[in-house]
Amino acid sequence: MDAIQIIKKKREGSELSSAEIQYLIEGYTAGRIPDYQMAAFLMAAQLRGMALNETITLTQCMLNSGRILDFSAISTPVVDKHSTGGVGDKISLVLTPIVGACGVRVPMISGRALGHTGGTLDKLESIPGFRTNLQIHDIYRQIRGLGVAMIGATKEIAPADRQLYALRDVTASVDFIPFITASILSKKLAEGIDGLVLDVKLGRGAFMRKNEEARELAETLVNVGEHFGMSTIAWLTNMNIPLGRAIGNWLEVEESINCLRGEGPEDVLELSLKLSGEMIALADLAGSPEEGEEMAQTVVQSGHALNFLAKIVEAQGGDPAVIHDPALRMRTLEPQTVTVPLDISGYVSDVDAFTLAEIGNSLGVGRLVIDDKIDPEAGIVLHLRPGERATPGQPLASFYTRKTDQPEQVAHSIFDAFTFSKKPVDKPNILIDRLTFEGWASNSREHNLISQS
């Protein structure tokens, strides 16, 4: 085969055969096809589109580029969860110990912050001593023993995805649904899991800002996941506003600990319990997602979920004491507080997730390129969220940073992310719609419970 002819074929809008896609992926992974040819293919595919069969083949080739974990010796189904990324998204930190305490086996491979979305690995590594770079044999041992591992992708797992994502990141081809699907599912399938729960974000702070795009992504992920024999369920969730009150790595760990005590923000708890219920049901430990949700609620109320997070931390080299007493992790940054102006009285009607994510990155929360350094203590805490009353002089938000000598500018930017109303405002819905292989729960692709900006 000839890479040039394959690129030309895709440029002209034709569907590629499985053999042609395999030739490209194997050749690129082996170094026979250079970056400039693969970049040309990426752009041709993004402009001309890819059929579902092409997406399935791309996923298969990326999966086969590395090692696939095998948990067939475990008697119960192995299940995982994946989020498409958002602002303040700490759900994995809350959900994983909940389902682990219920007996679900979870080999959770997560990523790092890039762009405006936070990274689970960065949050975990803000816990003193926590190691996310486990080797394959360590992963097997921990899943057999504890039942849960929270890790980064090893070099053996889907190496084609690692190479392709780096190239996509610098060729404006990150937000293409077939590429997103293949990237997510090649890694999840490589975990050797039987079931997957997807949290597909929709709104200003998500990759998918339009309702139709987010639904198409969810549908593609579910269709491809089910094609590979993996039970796959997706929830469409609201990412117009940040999730919870904390944006930042250690700040989000603290908020997750509060959630596991049953004291965290309502939206984080609601989404964590809902997705936990789905996972527990997929693992055949509950007869329905609703029953699974009740089990999840029970382990939170009993304290078992918080204790299980401490066990995960200890198993991966971290200090479990900080889970029970977060104050043991000494804070070196003091908060700087933004208050409600004296001429404003009423209710918070909106908070722009994307704006706050950009501010957070400027404070040291995330990274624009993979080599950027992050500050685990940096971040923003929202004292007021949509639907809550705002009175003059009341704390609106606090921020933590070492990166600026002009805090007034940061404070002004944070204030600009808020919108106020004289009249009471309903709290926004976090859950929008549920998708299984049978279709959307709403029975309508136009169903949308949040306003689009």
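In case you missed it, the structure is sitting above this.
This write-up is about the structure you can find in this document.

So, how was this worked out
Sequence order sets the numbering: in each chain, residues are counted from 1 along the sequence as written. Restriction of local features to residues with pLDDT of at least 70 applies here, the model being predicted, together with a cutoff of 80 or more for giving and counting side-chain atom pairs; totals for whole chains, interfaces and linings are based on all residues. Hydrogens are left out, water is left out, and the side-chain values use all remaining heavy atoms of the structure. Every helix listed is a DSSP run of H or I at least four residues long, and every strand listed is a run of E at least two residues long, numbered separately from the N terminus. A radius of gyration in this sense is built from C-alpha atoms; the matching globule rule multiplies 2.2 Å by the number of residues raised to 0.38. Note on exposure labels: buried denotes an accessible area under 20% of the residue type's maximum, exposed denotes more than 50%, and partly exposed covers the range between, all computed with a 1.4 Å probe on protein chains only. By the convention used here, residues are in contact when the closest approach between their heavy atoms is within 4.5 Å. We get accessible surface area from the Shrake-Rupley algorithm with a probe of 1.4 Å; when it comes to residues, only the shown protein chains can shield them. Asp and Glu count as negative and Lys and Arg as positive, but His and the ends of the chain are not part of the count. Taken as the charge centre is NZ of Lys, CZ of Arg, CG of Asp or CD of Glu, depending on the residue. For this document, the term salt bridge refers to a Lys or Arg side-chain nitrogen within 4 Å of an Asp or Glu carboxyl oxygen. Under the pairing criterion, centres of Phe, Tyr and Trp rings, with the six-membered ring standing for Trp, must be within 6.5 Å; the plane angle then separates stacked pairs below 30 degrees from edge-to-face pairs above 60, leaving the rest tilted. Remark: a charge is flagged as sitting over a ring if the NZ atom of Lys or the CZ atom of Arg is within 6 Å of the ring centre and within 35 degrees of the ring normal. Strands qualify as paired when DSSP identifies two bridges or more between them. Here an axis means a line fitted to C-alpha atoms, over the contact stretch when the element is a helix, while the angle between two N-to-C directions is reported on a 0 to 180 degree scale. For classification purposes, an angle smaller than 35 degrees is called roughly parallel, one larger than 145 roughly antiparallel, one from 65 to 115 roughly perpendicular, and anything else oblique. Two helices crossing with the near one rotated counterclockwise from the far one by less than a right angle form a left-handed crossing, whereas a clockwise rotation gives a right-handed crossing. Only Asp, Glu, Lys and Arg are considered charged in this grouping, and only Ala, Val, Leu, Ile, Met, Phe, Trp, Tyr, Cys and Pro are considered nonpolar; every other residue, Gly among them, is considered polar. Cysteine sulfur atoms are paired as a disulfide whenever they come within 2.5 Å of each other. We define a nonpolar core as any set of buried Ala, Val, Leu, Ile, Met, Phe, Trp, Tyr and Cys residues linked to one another through side-chain atoms lying within 4.5 Å.

### A few points about the overall build of the chain
Phase 1: The number of helices and strands found in the chain is 17 helices and 14 strands.
Phase 2: In terms of overall dimensions, the chain is globule-like: its C-alpha atoms have a radius of gyration of 22 Å, near the 22 Å expected for 453 residues.
Phase 3: With the C-alpha coordinates aligned to their principal axes, the bounding extent of the chain is approximately 70 × 45 × 45 Å.
Phase 4: When the 453 residues of the chain are sorted by exposure, 57% land in the buried category.
Phase 5: When contacts within the chain are restricted to residue pairs at least 6 apart in sequence, long-range pairs at least 24 apart make up 77% of them.
Phase 6: Surface summary for the chain: the accessible area is close to 18400 Å², and the carbon and sulfur share equals 49%.
Phase 7: The average position of the 42 basic charges and that of the 58 acidic charges among the side chains of the chain differ by 2 Å.

### Quick notes on helix α8 (residues 159-169)
For an α-helix, the turn length of 3.6 residues means that residues three or four places apart are oriented alike.
Phase 1: Of the positions making up α8, those classed as buried are P159, A160, D161, L164, L167 and R168.
Phase 2: Buried residues belonging to α8 abut α2 (18-30), α3 (35-48), α4 (52-64) and α9 (177-190).

### Remarks on the side chain of T96
Phase 1: Tracing the backbone shows T96 in helix α5 (residues 91-101).
Phase 2: Excluding residues that lie within four positions of it along the chain, T96 makes contacts with M108, V148, M150 and I312.

### Some thoughts on the pattern of salt bridges
Phase 1: Throughout the structure, instances matching the rule amount to 22 salt bridges.
Phase 2: The closest approach of N and O atoms between K123 and E252, which form a salt bridge, is 3.0 Å. Here E252 lies in helix α11 (residues 249-260) and K123 lies in helix α6 (residues 120-124), a separation of 129 residues in the sequence.
Phase 3: Relative accessible area serves as the criterion here: at 2%, K123 is assigned to the buried category.
Phase 4: For E252, a relative accessible area of 2% gives the class buried.
Phase 5: Between R329 and E377 there is a salt bridge; the shortest N-O distance is 3.8 Å. In this pair, R329 sits in the loop between α15 (321-324) and β7 (336-339) while E377 sits in the loop between α16 (353-363) and β9 (379-382), placing the two residues 48 residues apart along the sequence.
Phase 6: Assessed through its relative accessible area of 15%, R329 is described here as buried.
Phase 7: Through salt bridges with shared partners, a single network forms among R329, D375, E377 and R402.

### Things to note about the packing of aromatic side chains
Phase 1: All told, the structure shown has four aromatic pairs when counted by the stated rule.
Phase 2: The structure contains a cluster of three or more aromatic residues connected by ring pairs, namely F415, F418 and F420.
Phase 3: Taking NZ or CZ as reference, R209 lies 4.5 Å from the ring centre of F354, over its face.
Phase 4: The ring of W440 has R215 sitting right over it, with the charged end atom 4.6 Å from the ring centre.

### Some thoughts on the sheet that holds strand β10 (residues 389-390)
Phase 1: Strand order in the open sheet formed by three strands is β10-β8-β12, and the pairing between neighbours is antiparallel. Either end of the sheet is taken by a strand with one partner, and the two such strands are β10 and β12 (418-421).
Phase 2: Strand direction decides the pairing type here: strand β8 (residues 346-351) and β10, joined by two bridges, are antiparallel. Note that in β10 the partner of Y347 across the bridge is R389.

### Quick notes on the packing of α5 against helix α12 (residues 266-282)
Phase 1: The contact between α5 and α12 brings their axes to 9 Å, and the two run at 45°. With respect to each other, α5 and α12 are oriented oblique. Viewed along their axes, α5 and α12 form a crossing whose handedness is right-handed. Contact residues: α5 offers I91, V94, L95, I98 and V99, while α12 offers V268, L271, S272, L273, L275, S276, M279 and I280.
Phase 2: Taken together, the residues of the contact of α5 with α12 break down into 11 nonpolar, two polar and no charged.

### Description of the state of the cysteines
Phase 1: Evaluated as defined, the whole model comprises zero disulfides.
Phase 2: Left without a disulfide partner, C102 is nearest to the cysteine sulfur of C259, which lies 16 Å away.

### Looking at the environment of P386
Phase 1: Its location among the elements puts P386 in the loop between β9 and β10.
Phase 2: Residue class for P386 comes out buried when judged on its relative accessible area of 6%.
Phase 3: Counting along the chain gives 21 residues from P386 to P407, while the straight-line C-alpha distance between them is 24 Å.
Phase 4: With residues up to four places along the chain from it excluded, the contact list for P386 reads I241, V348, S349, D350, V351, K427 and P428.

### A closer look at the nonpolar core
Phase 1: Counting residues in each nonpolar core, the largest one holds 76 residues, and the members touching the most others are I98, I127, I323, L356, I380, F399 and I414.
Phase 2: Element by element, the count of residues in this core is highest for α12, at eight residues.
Phase 3: Aside from chain neighbours lying at most four places away, what touches I127 is W250, V253, V313, D319, V322 and I323.
Phase 4: Core analysis: the second largest hydrophobic core is formed by 40 residues, I56, I74, I143 and L435 among them.

### Here's the deal with the sheet that holds strand β4 (residues 195-202)
Strand pairing in a sheet takes place through backbone hydrogen bonds and is either antiparallel or parallel in direction.
Phase 1: Read from one edge to the other, the open sheet built from five strands follows the order β1-β4-β5-β13-β14, with strand pairing classed as mixed. Looking at the sheet topology across the chains shown, the edges are occupied by β1 (79-83) and β14 (439-440).
Phase 2: Pairing of strand β5 (residues 231-238) with strand β13 (residues 431-436) involves four bridges; the strand directions are antiparallel. Across the sheet, residue W235 finds its bridge partner in β13, namely R434.

### Topic: unusual backbone geometry
Phase 1: Even without being glycine, A158 reaches a positive phi, approximately 45°.
Phase 2: Relative to the helices and strands, A158 is located in the loop between β3 (148-152) and α8.
Phase 3: Phi is positive for D284, close to 60°, though the residue is something other than glycine.
Phase 4: Turning to its location among the elements, D284 is positioned in the loop between α12 and α13 (289-302).
Phase 5: What makes D284 exposed here is its relative accessible area of 60%.

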